[in-house]
Amino acid sequence: MRIRGFFLYRKYSLPAFIIIILLSALILMSLRVKQRKGVDFLDALLIEFCSPFQKVSTSVSKTIQGVFRGYLFLVHLQKENTMLKQRLAELQQENHQMKEMAIANERLQKLLQFREKISSSVIAAEVIGQDPSSWFKSVTINKGEKDGIRKGMAVISHEGVIGQILKTAPDYAIILLITDYNSAIDSIVQRTRAKAIVEGKGENRCQLKYLLRADEVIVGDIVVTSGLGGNFPKGLMVGEIRKVDKRGHGVFQNAELVPSVDLTKLEEVLVITGSSLPLQEEKGKKGKKTK
Amino acid sequence: MRRIVFPLFLGVLFLTLQTTLLRSLPVQRIRPDIVLILTLYLGLSYPLISGGILAFFMGYLMDLFSGNILGLYTFSRPLIFYIAQLFKGRFYLEGFLSQFLFVFLSALVEGLLILILLNGLNPNPLGNLYPLLFTVLLPQSFSTGLITPLLFFLLNKDSLLLSNQKRMGLRERG
């Protein structure tokens with residue numbers, strides 16, 4: 001009897017386990033769909049655990065890239081003229097470092113000038129990791145709740161809008177980029193003041209939705225934030241219209257937008273801490289986040 | 001303990017590489033999903049229970065560091081793991097081509113599953129994601145398949161990991 005019971009246990013325990021695992025994933029998914037958030041404590045804990053690895057890996061990869069650019073390619077030529085080439089490599093390395101410093105300086109100066117220009121209080125952060133999947137667009141930064149960063153805060157650079165804070169941990173945060181299909185920003189076309197919603201389209205592209213057919217827009221028009229919603233200050237550049245499509249029927253026309261910021265090469269960002277949506281308001285939100 | 005901690009650590013390491021080094025590749029579309037390769041490897045060599053938990057955890061990590069709000073990988077990764085379990089011992093997966101095809105097809109299946117779930121769970125239609133099937137999913141799956149034999153070889157070489165798993169697999173299966 002006991003043996004039979006054991007075999008029955010073996011027979012059903014494994015399929016039951018598979019069902020439990022998949023069911024718990026589905027429950028987690030439904031929780032996220034309903035509340036637009038996960039298990040906050042566990043999420044923060046795991047981000048805190050994994051992000052230092054990303055930080056180290058990013059700095060290692062930057063160093064390796066620097067060494068490759070400045071020195072390793074020249075090792076090859078050293079065989080021909082060791083002394084001269086070595087000196088050249090050293091000089092080039094120095095030159096490269098100085099150039100890198102100059103570029104970083106210029107970039108940070110622009111960021112600083114821009115920071116002084118905007119009235120809201122902002123926090124500068126460094127990008128330490130990118131999205132592991134190709135379907136979604138997000139980046140990890142080295143600032144978190146301890147620095148005053150909260151969910152829903154706007155993230156910008158001197159070139160324009162980058163996205164908004166999606167998840168936070170004490171020392172790190174994850175930004176949802178404007179190119180992600182989940183992102184939506186209330187915007188206006190600078191020249192005609194036509195209102196529209198900028199939605200992510202993946203692959204460094206966005207689309208303008210709910211742009212009235214009657215509104216005149218042309219390729220090259222600049223799109224800026226409308227300031228509605230409170231997260232993004234009014235007038236920040238979102239991007240430039242690349243394609244306008246008036247074919248088809250309906251009230252709206254389609255337009256494609258290229259973000260003003262190259263989101264594939266993000267290094268430093270500014271998080272606007274001045275104004276953010278209260279958490280209660282976020283909880284109640286369903287569907288796409290419209291800022 | 002080590003047979004659980006080691007793949008966990010390996011998962012974190014692979015995720016770190018995927019979010020940093022592999023993201024800085026010059027060609028944006030060729031970004032192999034090495035966490036998926038590890039999940040499939042576990043599917044072929046790990047027992048059902050411990051491997052399932054590991055796959056669940058890796059999916060959770062993927063969701064955590066991506067812009068994905070819905071937690072789709074937490075569901076898809078254990079599912080892919082169990083699909084790999086079905087293949088275990090039934091197909092010859094030692095050669096380059098078979099390993100490539102196995103992972104390439106698995107990556108495609110997962111991509112399609114994610115697309116279906118995204119469309120099903122979102123209140124608004126996501127028509128603009130369909131072109132990504134050809135521009136992103138195909139190249140990514142292809143590059144993932146291409147580096148699979150190398151990663152499988154390296155993971156196989158780690159005799160500690162494999163022998164422990166095999167031993168554990170036998171024990172769990174009774």
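Residues numbered from 1 in each chain as written. Chains lettered and ligands numbered in written order. Predicted model: local features only at pLDDT ≥ 70, side-chain atom pairs only at ≥ 80, totals over all residues.

In terms of regular secondary structure, chain B is built from 7 helices and 0 strands. Listed N to C, the secondary structure of chain B is α-α-α-α-α-α-α in terms of helices and strands. A buried classification covers 44% of the 174 residues belonging to chain B. Long-range contacts, defined here as pairs at least 24 residues apart, represent 68% of the contacts in chain B between residues at least 6 apart. (Helix = DSSP H or I, 4+ residues; strand = E, 2+ residues; numbered from the N terminus. Buried ≥ 20, exposed ≤ 12 C-beta atoms within 10 Å, placed from the backbone. Contact = placed C-beta atoms within 7 Å.)

Contacts between the two partners involve 48 residues from chain A, matched on the other side by 45 residues from chain B. Of all the elements, helix α1 (residues 2–35) of chain A adds the most residues to the side of chain A that touches chain B, at 12 residues. When grouped by side-chain class, the residues that make up the side of chain A that touches chain B number 22 nonpolar, 16 polar and 10 charged. (Nonpolar A, V, L, I, M, F, W, Y, C, P; charged D, E, K, R; others polar.)

Among the nonpolar cores identified, the biggest contains 90 residues, and A:V155, A:I162, A:I175, A:V198, A:V238 and A:V271 are the most heavily contacted of them. It is helix α2 (residues 34–45) of chain B that provides the largest number of residues to this core, a total of 9 residues. The residues contacting A:V198, other than those within four sequence positions of it, are A:I178, A:A184, A:I185, A:S187, A:C206, A:L208, A:V223, A:V238 and A:L257. (Core = buried A, V, L, I, M, F, W, Y, C linked by C-beta atoms within 7 Å.)

Below, the discussion takes up the packing of α2(B) against helix α6 (residues 132–157) of chain B. All names here are of chain B. It is the contact of α2 with α6, at a shortest axis distance of 10 Å, that shows an interaxial angle of 55 degrees. Considering the angle they form, α2 stands oblique to α6. In this structure, the crossing between α2 and α6 has a hand that is right-handed. Of the residues in α6, those touching α2 at I34, L36, I37 and Y41 are T144, T148, L151, F152 and L155. Looking at the contact of α2 with α6, its residues break down into 7 nonpolar, 2 polar and no charged. (Axes fitted to C-alpha atoms, helices over the stretch in contact; angles between N-to-C directions. Parallel < 35°, antiparallel > 145°, perpendicular 65-115°, else oblique. Left-handed = near helix turned anticlockwise from the far one by under 90°.)

To continue, consider the environment of B:L154. As for its position among the elements, B:L154 is in helix α6. Spatially, the C-alpha atoms of B:L154 and B:L61 are 23 Å apart, while their sequence positions differ by 93 residues.

This next bit is on unusual backbone geometry. All names here are of chain A. Even without being glycine, R193 reaches a positive phi, approximately 65 degrees. Inspection of the secondary structure puts R193 in the loop between β6 (183–189) and β7 (195–200). Overall, R193 belongs to the exposed group, with 10 C-beta atoms counted inside 10 Å.

All names here are of chain A. Read around the closed barrel, 6 strands run β1-β2-β5-β4-β3-β12, paired in antiparallel fashion. Between one strand axis and the next, the sheet turns by 45 degrees as a mean value, whatever way the strands run. Relative to strand β12 (residues 268–272), strand β1 (residues 122–130) runs antiparallel, the two sharing 5 bridges. Looking across to β12, one finds that A124 is bridged to L270. (Pairing = 2+ DSSP bridges.)

Residue and element names in this part refer to chain B. Its 16 residues give helix α4 (residues 72–87) an end-to-end C-alpha distance of 23 Å, which sits within 8% of 22 Å, the value for a rise of 1.5 Å per residue. What α4 keeps buried is the set L72, Y73, T74, F75, S76, R77, P78, I80, F81, A84 and Q85. One or two steps after α4, the chain reaches G89, where phi turns positive at roughly 80 degrees. (Expected span 1.5 Å × (residues − 1).)

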